[in-house]
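Summary of the model geometry
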Amino acid sequence: MSTNSLQSVFRVVVENVLNRWTALRLAVEHGMGGPLGLNTAIELIDYVTSYCTENKKVDSIDLREVLEEIMDQEFETICEDDSIHEVSGILIKYLQMLKEGKLEEVRAEIDQMVPCEMWIVSGSKIKYQRMDDSSESDDDADEEEMDVEPTEAQNTSSTEVNPSSFGSSTKFIEENVDPGWTQVRGRRRR
């Protein structure tokens, strides 16, 4: 099978598998890929197809690392459900079958897959869901909340604040950064 025909057939496999990948869909729907998340998912299909067909030796570990990196960098998502391992295994299985000339078997297995919505297509309408920022993560639950009241000194550009301990070697300078926010920087005395 030539590289071009392998790419065209394998692209159909990649489309079918990635359209069924829940983690990718959730990342796009929740805006983790930014406003162009759908375009990134389309580019992911092209990239995975090229990566697998143009490299001579690709195994599921290589592909898993590529998918982990793309999900992390492009979609700010880390999949802890082993779905990347499963997706990469399935794609490599079909790639090997195609390289062995088992085109009809691959087509039969693709046709037997449970039908799904092919949402990774140009012009597709994605229902973006807003993330609920009101919930706290486990890391945030251990931290104390701190309310900062605006001070009267916000009318001046810089105010010195002396530390409360006698003989301290640190001098703090309070600066206005943004209305409603106060930035405090530390500076050591020499």
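Calculation criteria
- Residues numbered from 1 in each chain as written.
- Predicted model: local features only at pLDDT ≥ 70, side-chain atom pairs only at ≥ 80, totals over all residues.
- Heavy atoms only, no water.
- Salt bridge = Lys/Arg side-chain N within 4 Å of Asp/Glu carboxyl O.
- Helix = DSSP H or I, 4+ residues; strand = E, 2+ residues; numbered from the N terminus.
- Buried < 20%, exposed > 50% of the residue type's maximum accessible area, 1.4 Å probe, protein only.
- Axes fitted to C-alpha atoms, helices over the stretch in contact; angles between N-to-C directions.
- Contact = heavy atoms within 4.5 Å.
- Core = buried A, V, L, I, M, F, W, Y, C linked by side-chain atoms within 4.5 Å.
- pLDDT = per-residue confidence, 0-100.

**Brief notes about the pattern of salt bridges**
Evaluation of the coordinates by the stated rule reveals 7 salt bridges. In this structure, Arg 25 engages Glu 117 in a salt bridge whose closest nitrogen and oxygen atoms are separated by 3.1 Å. Of this pair, Arg 25 sits in helix α2 (residues 22-29) while Glu 117 sits in the loop between α6 (103-112) and α7 (138-142), and the two are 92 residues apart along the sequence. Relative accessible area serves as the criterion here: at 46%, Glu 117 is assigned to the partly exposed category. One salt bridge connects Lys 93 with Glu 109, and the closest N-O pair in it is separated by 3.1 Å. A residue pair is termed long-range when its members are at least 10 positions apart, and Lys 93 in helix α5 (residues 83-99) and Glu 109 in helix α6 qualify at 16 residues. Of the residues examined, Lys 93 reaches a relative accessible area of 41% and is grouped as partly exposed. With a relative accessible area of 25%, Glu 109 lands in the partly exposed category.

**Examining the packing of α5 against α6**
Between α5 and α6, whose axes approach to 8 Å, the crossing angle comes to 145 degrees. Two secondary-structure elements touch here, α5 through Lys 93, Tyr 94, Met 97 and Leu 98 and α6 through Leu 103, Glu 105, Val 106, Glu 109 and Ile 110.

**Re the nonpolar core**
One finds Val 13, Leu 18, Trp 21, Leu 24 and Leu 91 to be the most contacted residues of the largest nonpolar core, which totals 42 residues. If you list the elements that add at least two residues to this core, you get α1 (3-19), α2, α3 (37-54), α4 (60-75), α5 and α6. If near-sequence neighbours (up to four positions away) are discounted, Leu 18 is found in contact with Leu 24, Leu 44, Ile 45, Val 87, Trp 119 and Ile 120.

**A few points about α2**
Given 3.6 residues per turn, any residue in an α-helix points the same way as the ones three and four places further on. Listing the buried residues of α2 in full gives Ala 23, Leu 24, Ala 27, Val 28 and Glu 29. Buried positions along α2 lie against α1, α3, α4 and α5.

**Overview of the confidence of the model for the protein chain**
When pLDDT is averaged along the protein chain, the result is 78; 64% of the residues meet or exceed 70. For the stretch residues 134-170, pLDDT sits under 50, and the model shows 28 contacts to residues farther than four places along the chain or on other chains.

**Focus on the side chain of Thr 49**
Positionally, Thr 49 belongs in helix α3. Assessed through its relative accessible area of 4%, Thr 49 is described here as buried. Contacts of Thr 49, omitting those with residues within four sequence positions, involve Gln 7, Phe 10, Arg 11 and Val 14.

**What about unusual backbone geometry?**
Backbone geometry at Glu 76 places phi at a positive 45 degrees, although glycine is not the residue there. With relative accessibility at 58%, the residue Glu 76 sits in the exposed group. The backbone of Asp 82 sits at a positive phi, close to 60 degrees, despite the residue not being glycine. In this fold, Asp 82 is placed in the loop between α4 and α5. The exposure class of Asp 82 is exposed, given its relative accessible area of 57%.

**Here we look at the environment of Gln 96**
Within the secondary structure layout, Gln 96 lies in helix α5. For Gln 96, a relative accessible area of 32% puts it in the partly exposed group.

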